[in-house]
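What follows is the residue order along each chain.
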Amino acid sequence: MTTAMTTATTAAKTTSMLRLDGVSRRFGGLTALHELSLDLPAGARHALIGPNGAGKSTLLNLIAGTLTPTTGTIIVDGRDVTRLPARLRARHGIGRSFQHPAVFQRLPVAANLALAAMPGRGDIPGPISGPQHADGVAQVLDAVGLTDYNRTPAGQLSYGLQRRLELAMALAQRPRLLLLDEPSAGLDPAQIGQLTTLLTNLGADTTILLVDHHLDLIWSLAQTVTVLHHGHHLATGTPDQVRADPAVRDAYLNPGGHPNATATATATANATANANGTERLAPRTSPGPVLLRVRQLRAGYHGAPVLDKVDLDVHDGEAVAVLGRNGAGKTTLLNTVAGLQPVQTPTRLEWDGRALPTRRPHLPARAGIALVPQGRRIFTGLTVREHLVCALAAHRGADTPSQARTQAWTVDRVLDLLPALAARLPHPAQRLSGGEQQMLALARALLTQPRLLILDEPSEGLAPAVIAQLTQALSGLVADGLAVLVAEQNLTVATALADRIIVLDRGHIAMTAPARDLDQDGPRQHLQALLGVSGPTATAAADRVPADDAAQLTGAAESGLR
Amino acid sequence: MTTTRPQTTPAAAPVHRYPRWRSRQLLLGAAVMLAALALPFVADAYTVSIASTAIVLAVLAMSTQLLTGIAGLPSLGQAAYLGVGAYTAALLATVGGVSNGLVQLAVAAAAGAVAAAVTAPLLLRTRGVLFLMASFAVAELTRTIAAQWSSVTGGDDGLHTPPVTVWPGTPPLRSDGYAYLYLLGCFLILVVVVAVLLRSRLVLALRAAADHEARLAALGYHVNRHLFAGFVCAGALAGAGGALLVAAHGYLSPADLGLDMSAMALLAAAIGLGTMRGAVAGAVLVVAVRDLLGTPTGGHAPALLGLAFLVVAYQPAITDRLATWKRSRQR
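Owing to the predicted nature of the structure, the values given are computational and were not obtained by experimental measurement.

Engineer: What is the right way to read the overall build of chain A from this model?
Structural biologist: Of the regular secondary structure elements, chain A holds 21 helices and 21 strands. Considering chain A as a whole, with its 562 residues, one finds that 53% of them fall into the buried category. Taking contacts inside chain A between residues at least 6 apart in sequence as the whole, the part at least 24 apart equals 73%.

See below:
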């Protein structure tokens, strides 16, 4: 049993907000979390980091009451909550966010907040209560910048706004202990800056325990950090202590010790717009003829175009990265090319000199376009082996010109490239960690023998070490001459892979540049301006831009609602 | 080339479009109301009896919609609570000698609520397709009890009930026309009750539970207690529908609470796409297809209902195609 007391507890032992005593959790034969003890004083800012599958989300779910521990006790603010259901823990002052934004998709934004802030929420059904309550909701809406959307169903908000709404819902409960599960996942650098400011400005009466992979956020926010690895406690201490710990470096920050992996892992950890000193991982041959030609692309969902007048060429063997803020249209562009998204006139799509069929995703797939979608989209019922067999079988007999050019992908060759999957072949895919699922999605795409590989946010929600492995595998593919079109928030990954970047801004192409030009000041500053990170680092930008916003939100959440 | 397509003007459109849409709806509602009131004076007795059936099914469809479209619990067994309400009303009229329709309505609603409260602990352990099957099982069980317990229910022979009265001392409503107007009045009362319910905190929590139960629990809500309350409300509504069924037909047998009753209510709710208004319109449509179009098509009403089901299932694809077609014509 590991006992880890945070250093801060010595002073504030009497006002412990959260105490874990030998808490563990088993799922069948698998121990997701070994016995862990932890003590957080009131007002603490504690972070939980570790590779994918380390048991971080399990721990949050144990504290929130979504899971019950196999052993141990959980004491929140002096009360033993080990056997309490989630709703009673919520009433005891635990608020949380979920790994995927959990909002009530069909309900309007205002109703989402109203449910969260309902006075005496609970058991007696009655009319939606009076004007002072409506005022409170309006105030929070205003503070989170969602007033314009108050009648919009939450499911129609962009990803970043859904995260914002979920956080506002958690804050509207006025929690004493706030549990955040990867709050920065899927946010663009500017939004991460806003999030950092917002959490920094929360009052000391809220204790924060957060899980995240965005190390800049962790280092700037957390006073103490706990590192988990394969369900074991590895280290607890201040950010400096944890960064200096050799065991932590091996397990999380840069496993393997490969020089390239190290560079990517540490650089990746900063996911800032600092492209300086990024080295190309793959020496390149010159790209071939135009493979994909997009002209006058116009596409959208309900009439209003998300993309308009987008022109794009991808040459054979070229890697192109699509950058831009959330909602700029990156996913729409990729889905259009993959045939998942209808286009509007006067769009022209050409593949290898011929018109590319749209709205029938199997045709682009057969023509040699493979998509690794955002969020991986694993088939939950199938094992890893079944995934691979399925992907291979779908393409048997199809017209694959790539086979003539390069060696065809087989299961063995894919497993050579992604060795992490080899050990997991008989396992159901939904049991895999996030990193393994991403590898599986990549393997599945490769087995369709693509000439163009499309990746939508491949590094989202992954630990730095896994991002490094993935970047290396992808760089190898690019070096072998596979054309790649990748959308990525993580600029370091994007520039490490791509020959050329294009930046989307509100549905238009705002910038195109060779990736090597980003070493120069001019293009780099232009890019940073477009991505909303106007300073040299994300944290600097965060301090300036949305500080007022965040202060307002916390103020309103604390004062307006009761 | 890009400018030829007429796009709606972005900012101005929603501002003045909303009230026009609202007033058009009010106008439509008033027209439907007038037509429903005028029906017994202009239509033959057969059409009026079909309209009575439609009202009963509309109440059951609202009950089903409360579970299916709002709380996310697809029910294929609301006829069970309709049956409990109907037998309660019928026994009240025959054995108890209470001919007052409104008393029957209230007691039947209470009986439906009690039946729902008794069965809820069993049903609310399940979700999705399992809930559908469990609710179907409860309905079949109820129908079997109604058929077997002949000393009380009259078995498959059924129960004949006297016409209802509206007020103590007033004559019973013997003519089809008056019975229909009585049903319409009761229906309006129930519509008002449902409208109030829809604005309640309970329904808000039910909608939220359908979207994300874990989130609702994490906000401190007792999810199952809310679902229980919603289920009991739906049971009461179905029970009230049972009293209307007895008042409409003057006769009740186990066949009235069979699978097809539950299935038609679910179909009407599905046609309504999650809204109460839609469920009522769906109920009228389903009864019209079955009873009005069934005769001229030589008794192929079930096939027509099947077709209606398919149209609902393909509705998104069809509207999508229509929209594309319209746009291409405008260009």
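Anyway, onward from the coordinates.
Engineer: How should the overall build of chain B be read in this particular structure?
Structural biologist: Summing up its helical and strand segments, chain B has 14 helices and 2 strands in all. Expected size for 331 residues packed as a compact globule is a radius of gyration near 20 Å; at 22 Å, chain B falls within 12% of this value. Expressed along its principal axes, the backbone C-alpha trace of chain B runs to roughly 80 × 55 × 40 Å. The proportion of buried residues among the 331 residues of chain B is 44%. A fraction of 74% describes how many contacts in chain B between residues 6 or more apart in sequence connect residues 24 or more apart.

Engineer: What's the story with the sheet that holds strand β9 (residues 207-211) of chain A in this structure? I'm lost.
Structural biologist: What links the strands of a sheet is backbone hydrogen bonding, and the strands pair in either a parallel or an antiparallel sense. Residues and elements named next belong to chain A. In space, the 6 strands of this open sheet follow the order β7-β8-β9-β4-β10-β11, with mixed pairing throughout. A strand with exactly one partner marks an edge of an open sheet, and here the two such strands are β7 (94-96) and β11 (232-237). The mean angle between the axes of side-by-side strands here comes to 15 degrees, regardless of whether they run parallel or antiparallel. In terms of strand pairing, strand β10 (residues 224-229) meets β11 through 5 bridges, oriented antiparallel. Each bridged residue has a counterpart across the sheet, and for Val227 the counterpart in β11 is Ala235.

Engineer: Looking at this structure, I do not really get helix α8 (residues 201-211) of chain B. What am I missing?
Structural biologist: Spacing of three or four residues puts side chains on the same side of an α-helix, whose turn is 3.6 residues. α8(B) sits mainly inside the fold: 9 of its 11 residues count as buried. B:Leu202, B:Val203, B:Leu204, B:Ala205, B:Leu206, B:Arg207, B:Ala208, B:Ala209 and B:Ala210 are the residues of α8(B) that are buried.

Engineer: I tried to follow the confidence of the model for chain B on my own but got confused; where do I start?
Structural biologist: Residues shown with low pLDDT carry predicted positions that ought not to be read at fine detail. Residues and elements named next belong to chain B. When pLDDT is averaged across chain B, the result is 88; 93% of the residues are at 70 or more. Contacts from residues 1-17, a stretch scored under 50 in pLDDT, to residues over four places away or in other chains number 8 contacts. Interface confidence for the predicted complex, expressed as ipTM, amounts to 0.82; the pTM equals 0.76.

Engineer: Please explain the sheet that holds strand β14 (residues 319-323) of chain A as it appears in this structure.
Structural biologist: Residues and elements named next belong to chain A. What the 6 strands build is an open sheet, ordered β17-β18-β19-β14-β20-β21; its pairing is mixed. Bordering the open sheet on either side are β17 (369-372) and β21 (508-514), each of which pairs with just one other strand. Taken over all neighbouring pairs, the strand axes of this sheet differ in orientation by 15 degrees on average, direction set aside. Seen against the sheet, helix α11 (residues 330-337) touches β14, β17, β18 (452-456), β19 (483-487) and β20 (500-505) and runs at an angle of roughly 145 degrees to β19.

Engineer: Could you clarify how one ought to interpret the nonpolar core in this entry?
Structural biologist: Core analysis: the largest hydrophobic core is formed by 267 residues, its most contacted members being A:Leu113, A:Ile454 and B:Leu57. The element that contributes the greatest number of residues to this core is helix α10 (residues 223-249) of chain B, accounting for 16 residues.

Engineer: Just to check I follow, could you spell out helix α3 (residues 79-94) of chain B for this structure?
Structural biologist: When the terminal C-alpha atoms of α3(B) are compared, their 22 Å separation across 16 residues agrees well with the 22 Å that a helix rising 1.5 Å per residue should span. Of all 16 residues that make up α3(B), 15 are buried, and the element is covered over most of its length.

Engineer: Mind showing me how you'd approach the packing of helix α2 (residues 45-70) of chain B against helix α11 (residues 259-271) of chain B here?
Structural biologist: In a pair of packed helices, the angle between the axes and the distance between the axes together describe the arrangement. Residue and element names in this part refer to chain B. At a closest axis distance of 8 Å, the pairing of α2 and α11 adopts a crossing angle of 65 degrees. In terms of orientation, α2 lies roughly perpendicular with respect to α11. As α2 packs across α11, the resulting crossing turns out to be right-handed. Here α2 contributes Leu57, Leu60, Ala61, Thr64, Gln65, Thr68 and Gly69 to the contact with α11, which in turn contributes Met264, Ala265, Leu266, Ala268 and Ala269. Of the residues assigned to the contact of α2 with α11, the class counts are 8 nonpolar, 4 polar and no charged.

Engineer: Even after reading the chapter, I still don't get the environment of B:Leu141, so can you show me in this structure?
Structural biologist: Following the sequence through the fold, B:Leu141 ends up in helix α5 (residues 128-148). Separated by 61 residues in sequence, B:Leu141 and B:Ala80 have C-alpha atoms that sit 8.4 Å apart.

Engineer: I tried to follow unusual backbone geometry on my own but got confused; where do I start?
Structural biologist: Notably, A:His230 is not glycine yet its phi reads approximately 50 degrees, a positive angle. Looking at the element boundaries, A:His230 is found in the loop between β10 and β11.

Engineer: When you look at the environment of B:Val194 in this model, what are you seeing that I'm missing?
Structural biologist: Residue and element names in this part refer to chain B. Here Val194 is to be found in helix α7 (residues 176-198). In sequence terms Val194 and Val129 are 65 residues apart; their C-alpha atoms lie 26 Å from each other. Setting aside residues no more than four positions away along its own chain, Val194 makes contact with Met62 and Met276.

Engineer: Got a minute to help me understand the packing of α11(B) against helix α12 (residues 276-292) of chain B in this structure?
Structural biologist: All names here are of chain B. Following both chains from N to C, one finds α11 and α12 inclined at 125 degrees, their axes separated by 7 Å at the closest point. In terms of their interaxial angle, α11 and α12 are classed as oblique. Where α11 crosses over α12, the handedness of that crossing is right-handed. Where α11 abuts α12, its residues Met264, Leu267, Ala268, Ala269 and Ile271 lie against Gly278, Ala279, Gly282, Ala283, Leu285 and Val286. Each residue belonging to the contact of α11 with α12 can be placed in one class, and the counts come to 9 nonpolar, 2 polar and no charged.

Engineer: Please explain the pairing of strand β2 (residues 16-27) of chain A as it appears in this structure.
Structural biologist: Within a regular strand, side chains alternate between the sheet's two faces. Residues and elements named next belong to chain A. When β2 meets strand β3 (residues 30-41), the two strands line up antiparallel, connected through 8 bridges. Paired with Arg25 across the two strands is Leu33, which belongs to β3. Of the pairings in the sheet, the one linking β2 to strand β5 (residues 71-76) comprises 5 bridges and is antiparallel in character. From the neighbouring strand, Arg19 faces β5, where its bridge partner is Ile75.

Engineer: Where do I start with the confidence of the model for chain A in this structure?
Structural biologist: Residues and elements named next belong to chain A. On average, residues of chain A score 79 in pLDDT, and 80% of them are at 70 or above. Below a pLDDT of 50 lies the segment residues 1-13, which in the model reaches 29 contacts outside its immediate sequence neighbourhood of four places, other chains included. Residue range residues 535-562 is modelled with pLDDT below 50. Its contacts to residues more than four positions away, or to other chains, number 63 contacts.

Conventions and cut-offs
Residues numbered from 1 in each chain as written. Chains lettered and ligands numbered in written order. Predicted model: local features only at pLDDT ≥ 70, side-chain atom pairs only at ≥ 80, totals over all residues. Helix = DSSP H or I, 4+ residues; strand = E, 2+ residues; numbered from the N terminus. Buried ≥ 20, exposed ≤ 12 C-beta atoms within 10 Å, placed from the backbone. Contact = placed C-beta atoms within 7 Å. Rg over C-alpha atoms; globule rule 2.2 N^0.38 Å. Pairing = 2+ DSSP bridges. Axes fitted to C-alpha atoms, helices over the stretch in contact; angles between N-to-C directions. pLDDT = per-residue confidence, 0-100. Core = buried A, V, L, I, M, F, W, Y, C linked by C-beta atoms within 7 Å. Expected span 1.5 Å × (residues − 1). Parallel < 35°, antiparallel > 145°, perpendicular 65-115°, else oblique. Left-handed = near helix turned anticlockwise from the far one by under 90°. Nonpolar A, V, L, I, M, F, W, Y, C, P; charged D, E, K, R; others polar.

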